[in-house]
Amino acid sequence: MIRGVIFDFDGLVIDTEMPDYQAWCEVYDRYGAELPMTEWMKCVGNSAETFDTCSYLETVLGHALDDREGVQAAVHQRRLEIIATQQALPGVEDYLREARRLGLKLAVASSSTHTWVDAHLKRLGLYDTFDCVRCREDVDIIKPDPALYLSALDGLDLRAEEAIAFEDSASGILAAKRAGLYCVAVPNTVTRLMDLSHADREIVSMADVPFEDLLQALPL
């Protein structure tokens, strides 16, 4: 019996993936270079160390950047400007309302920081909807390690078979599956280019499949 739902945050609750990519593309364009989506996807759902965007730009240009810190600061500021306008992705708030109506417990399991996740959840008026929020500060290792999901399950006082996870990236799906969770993939404009076949189910958008219908279709 399902008693809880655990949501990823970036790229699932709000679209932070495309604004991040857009901000970097704008910088690359100023240098007369391109950032292929195939390269960018290396860091989606993983830690920032997985793909160094500045180093890749230097490789493309064939020389070091004069002001690497300035470039990173400009990208960071532009990214914040774009994300500040983002609302919850289609269907997210409906899923949360339905889950609450059905008496299910709710959690967030995100590889981002509490400063980032908590602030956006509060901006969207969703923070108090969740029973617990688990972020990178709460574990030793982030996704694809299962620690974040295991921590969220602990916070909800649930076993893995009593909860389902919603993820948008390959790394996040792997983390959820390693934690023993049934995982539904909801890819965004960036992650739909990934291989998400290891999810138990994939839907185009939460707006396309009513939450209760999804629950009823779960394998017993």
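The rules behind these values
Residues numbered from 1 in each chain as written. Predicted model: local features only at pLDDT ≥ 70, side-chain atom pairs only at ≥ 80, totals over all residues. Heavy atoms only, no water. Pairing = 2+ DSSP bridges. Helix = DSSP H or I, 4+ residues; strand = E, 2+ residues; numbered from the N terminus. Contact = heavy atoms within 4.5 Å. Axes fitted to C-alpha atoms, helices over the stretch in contact; angles between N-to-C directions. Disulfide = S-S within 2.5 Å. Phe/Tyr/Trp six-rings, centres within 6.5 Å; stacked < 30°, edge-to-face > 60°. Buried < 20%, exposed > 50% of the residue type's maximum accessible area, 1.4 Å probe, protein only. Lys NZ or Arg CZ within 6 Å of the ring centre and 35° of its normal. Parallel < 35°, antiparallel > 145°, perpendicular 65-115°, else oblique. Left-handed = near helix turned anticlockwise from the far one by under 90°. Nonpolar A, V, L, I, M, F, W, Y, C, P; charged D, E, K, R; others polar.

The strand order β3-β2-β1-β4-β5-β6 describes an open sheet built from six strands, whose pairing is parallel. What marks the edges here is a single partner per strand, and that holds for β3 (132-134) and β6 (201-202). In the sheet, strand β5 (residues 182-185) pairs with β6 via two bridges, with the strands oriented parallel. Across the sheet, the residue bridging to A185 is E202, located in β6. Packed onto the sheet, helix α6 (residues 114-123) meets β2 (105-109) and β3 and runs at close to 145° relative to β3.

Note on terminology: a disulfide is the covalent bond linking the sulfur atoms of two cysteines. The final tally for this structure, using the stated rule, is zero disulfides. Of the cysteine sulfurs around C135, a residue in no disulfide, the closest is that of C132, at 9.9 Å.

What the rule picks out here adds up to eight aromatic pairs. A centroid spacing of 5.4 Å and a plane angle of 20° characterise the contact between F7 and F166, whose relative ring orientation is stacked. With F7 in strand β1 (residues 4-7) and F166 in strand β4 (residues 163-167), this residue pair connects regions lying 159 residues apart in the sequence. Each member of the pair, F7 together with F166, is buried. Between Y28 and Y56, the aromatic rings sit 6.5 Å apart at their centres with planes inclined by 25°, giving stacked as the arrangement. In this pair, Y28 is assigned in helix α1 (residues 17-30) and Y56 in helix α3 (residues 53-61), connecting sequence segments 28 residues apart. By way of ring pairs, the aromatic residues F7, Y95, F130, F166 and F211 are connected into one cluster. A cation over an aromatic ring shows up here: R79 above the ring of W116, its NZ or CZ 4.6 Å from the ring centre.

Right, let's talk about the side chain of T129 for a bit. Mapped onto the elements of the fold, T129 is located in the loop between α6 and β3. For T129, the contacting residues outside a window of four places in its chain are L96, R100 and L106.

What helix α7 (residues 147-156) keeps buried is the set L148, Y149, S151, A152, L153 and L156. Against the buried residues of α7 lie β1, β2, β3, β4 and α8 (170-178). After α7 finishes, the residue D157 shows a positive phi value of roughly 60°.

Look at α1 against α3: their axes get within 11 Å of each other, and the N-to-C directions meet at 25°. In terms of axis orientation, α1 runs roughly parallel to α3. Crossing of α1 over α3 shows right-handed handedness. Along its contact with α1, which presents W24, V27 and Y28, the element α3 presents T53, C54, Y56 and L57. Its residues assigned to classes, the contact of α1 with α3 shows six nonpolar, one polar and no charged.

Attention now goes to α8. Residues S171, G172, I173, A175 and A176 constitute the buried set of α8. Where the residues of α8 are buried, they touch α7, β4 and β5. Backbone geometry just downstream of α8 places G180 in the positive-phi region, at approximately 90°.

Of the consecutive residues K143 and P144, the connecting peptide bond is found in the cis state with omega at 15°. One can find P144 in the loop between β3 and α7. One non-glycine residue, D157, lies in the positive phi region at around 60°. Tracing the chain through its elements places D157 in the loop between α7 and β4.

Nothing here speaks to function; it is all geometry.
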